[in-house]
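# Structural description and commentary
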Amino acid sequence: MKDRSILIVEDEHTLRRLLEYRLSRLYRVRTAANGLEALAAVAEERPALIVSDIIMPQMDGYALQEALQKQSDTSVIPFIFLTAKTDASSRARGRRTGVDDYITKPFDLEHLLSRIARLLERQQVYQTQLDAFTAQDFSQKLMPKRMPAVPDYHSFFFNLPREQGGGDFFDWNEAAPGTYFFTLGDVMGKGLQAKFYAFSFLAYVRGTLHTHMRTTHSPAGLMSRVNQILTQDELMGETFASLLLARWDAYLNRITVCNAGHCRPLLVGPDGSQLVADSDLVLGLSPDATFTDTTIELGPQQAFFAYTDGLIEQRLATGEMVGEHGLAEAVQHVREAPDPLEALTKDLLARSAEPEFADDVLGFWLKRVR
Amino acid sequence: MQLAAMSFVAEPVGPGVAVVRIGKALNFSNAAEFKACCQQQQAERGVHSFILDFTDTGVLDSTGLGTIFSIYRQVTPQAGQVVFASVSRPVQVVVQLTRTYKVFRQFATVEEAQEALG
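Residues numbered from 1 in each chain as written. Chains lettered and ligands numbered in written order. Predicted model: local features only at pLDDT ≥ 70, side-chain atom pairs only at ≥ 80, totals over all residues. Heavy atoms only, no water.

Residues and elements named next belong to chain A. Overall, the coordinates contain 22 salt bridges over all chains when judged by the stated rule. Between Glu45 and Arg28 there is a salt bridge whose closest N-O contact spans 2.9 Å. Placement of Glu45 in the loop between helix H2 (35–44) and strand E3 (49–52) and of Arg28 in strand E2 (residues 28–32) is noted, with a sequence separation of 17 residues between them. In this structure, Asp278 engages Arg264 in a salt bridge whose closest nitrogen and oxygen atoms are separated by 2.8 Å. Here Asp278, found in the loop between strand E12 (272–275) and strand E13 (294–297), pairs with Arg264, found in the loop between strand E10 (254–260) and strand E11 (266–269); they are 14 residues apart in sequence, far enough to count as distant. (Salt bridge = Lys/Arg side-chain N within 4 Å of Asp/Glu carboxyl O. Helix = DSSP H or I, 4+ residues; strand = E, 2+ residues; numbered from the N terminus.)

Here is the structure:
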């Protein structure tokens, strides 16, 4: 709770100090001696909650509360009046829009602490729900609604976003008849911020692909362009991402992959699983980074499997993480399943320490049937 | 004198150089504190190079790594460096996966890193 900031507005020095002393055990506390000082403190940093006296020199509590109500960003700050005014008309005046509680002096400190905790908890729950809703909305927008349909191929996609997950994303487009580009990546960070950055980043990637595919179909060439944008654009200066860019030439049964710091995909077949496309440097770190293409041929019954780190970082009941090699082994057991990704996630969860994945989980499985 | 920003401790070891002991984890829950610690060093002590001590570090997630990248991008215009020392196995896995060993030099011990940056 120490990260929550409380503003105490009280002209009486001893009481102000007492409240500051007691509340600072639980919260970051700032104080003001009247409404004017309080407005300055709010302008400097918006507190999570305000406890204010009513009768004060220069600007009283009513005027302070009215001023806060006039601005949309400050009108939502939980507000408690703590006052000696106990008469009915003052109480009625104090219970106005935007005032969450009215506590009269002398007061029980434990009661005040309990009301503060309750109001902050309610605010936190509301914020968490809003974040979850927004994060879910972003997650859905970062994923495709359908997959390419090509004769002799089956493709599967699985995405399980977590509220506190990261910025996983996946996209595909058909550059020319039978030629598809897949982008699969993870913007570094967690929670809503990462999802927002992932959303912005995907827009950059889409724009870059659209613009530069006229001049090159090399994933490495396109990756260099994306990296240049990330390292040169100040707006994206705090954005780092791992990205797998793959061109699938469906009629040639060929996939060309460029990997910028992402988990290595797997080539899964009857003869076993092998890791493909060693990665180059993660995006956004160095303008001098170089990227390489790796081309693989997809034989009959072979599948190309790309994923994000939520799968390999899942903690098993043994205490070990799944890891690249653990995943390579696990996919062998599910490669013939009607939906291999559904079977894979079930298998990993059954062997996990927790009943859910700890991070976002995303996978793309492309199998050549004949 | 050591400067601490919440759970991280940065120890100046030479002109413009500080060691930051990462501890058990650098992840989404403490990455902001780590960044604040490094930025405090930069602002108050003119530190431009950081030795990150990963002894006993069990967790380095993508948020933590992203924060290291962010510090790296801040210090490189000042000819600063970010180097890794005493890299634990879990951290080594992340470094290999993201190929960031191409950017961050690694040293077996903090002392070796100090000599190299000294």
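From this point, things continue past the structure.
Bringing the nonpolar core into the picture now. Of all hydrophobic cores here, the largest spans 81 residues; its most connected members are Phe201(A), Phe304(A), Phe34(B), Leu52(B) and Ile68(B). Contacts of Ile68(B), omitting those with residues within four sequence positions, involve Leu26(B), Phe34(B), Leu52(B), Phe54(B), Leu60(B), Val82(B), Phe84(B) and Phe104(B). Formed by 23 residues, the second largest nonpolar core is a distinct cluster that contains Phe156(A), Ile312(A), Val322(A) and Leu327(A). (Core = buried A, V, L, I, M, F, W, Y, C linked by side-chain atoms within 4.5 Å. Buried < 20%, exposed > 50% of the residue type's maximum accessible area, 1.4 Å probe, protein only. Contact = heavy atoms within 4.5 Å.)

According to the domain assignment, chain A consists of domain 1 (5–133) and domain 2 (142–368). Computed over C-alpha atoms, the centres of domain 1 of chain A and domain 2 of chain A are 49 Å apart. (Domains from an automatic or database assignment.)

Turning to the packing of aromatic side chains, a few remarks are in order. Residue and element names in this part refer to chain A. Evaluated as defined, the whole model comprises 20 aromatic pairs over all chains. Judged by centre distance (5.5 Å) and plane angle (65°), the ring pair of Phe169 and Phe201 falls under edge-to-face. You can see Phe169 sitting in strand E7 (residues 167–176) and its partner Phe201 sitting in helix H7 (residues 191–212), a full 32 residues away along the chain. Accessibility expressed as a relative area gives 0% for Phe169, which makes it buried. The exposure class assigned to Phe201 is buried, which follows from its relative accessible area of 0%. When the ring of Phe305 is compared with that of Tyr307, the centres are 5.2 Å apart and the planes differ by 35°; the resulting orientation is tilted. (Phe/Tyr/Trp six-rings, centres within 6.5 Å; stacked < 30°, edge-to-face > 60°.)

Residues and elements named next belong to chain B. Packing of helix H1 (residues 31–45) against helix H2 (residues 62–75) brings their axes to within 9 Å, and their N-to-C directions diverge by 15°. In terms of axis orientation, H1 runs roughly parallel to H2. For the crossing formed where H1 meets H2, the hand is right-handed. Contacts from Ala31, Phe34, Lys35, Cys38, Gln39 and Gln42 in H1 reach Thr63, Gly64, Thr67, Ile68, Ser70, Ile71, Gln74 and Val75 in H2. For the contact of H1 with H2, a count of residues per class yields 6 nonpolar, 7 polar and 1 charged. (Axes fitted to C-alpha atoms, helices over the stretch in contact; angles between N-to-C directions. Parallel < 35°, antiparallel > 145°, perpendicular 65-115°, else oblique. Left-handed = near helix turned anticlockwise from the far one by under 90°. Nonpolar A, V, L, I, M, F, W, Y, C, P; charged D, E, K, R; others polar.)

As a further point, take the sheet that holds strand E4 (residues 79–83) of chain A. Each strand in a sheet pairs with its neighbour through backbone hydrogen bonds, running either in the same direction (parallel) or in the opposite one (antiparallel). All names here are of chain A. If you walk across this open sheet you meet the 5 strands as E2-E1-E3-E4-E5, and the pairing is parallel. The open sheet has two edge strands, E2 and strand E5 (101–104), and neither has a second partner. Adjacent strand axes in the sheet meet at a mean angle of 20° when their direction is disregarded. Pairing geometry for strand E1 (residues 5–9) and E2, over 5 bridges, is parallel. Among the inter-strand pairings, Ser5 is bridged to a residue of E2, identified as Arg28. (Pairing = 2+ DSSP bridges.)

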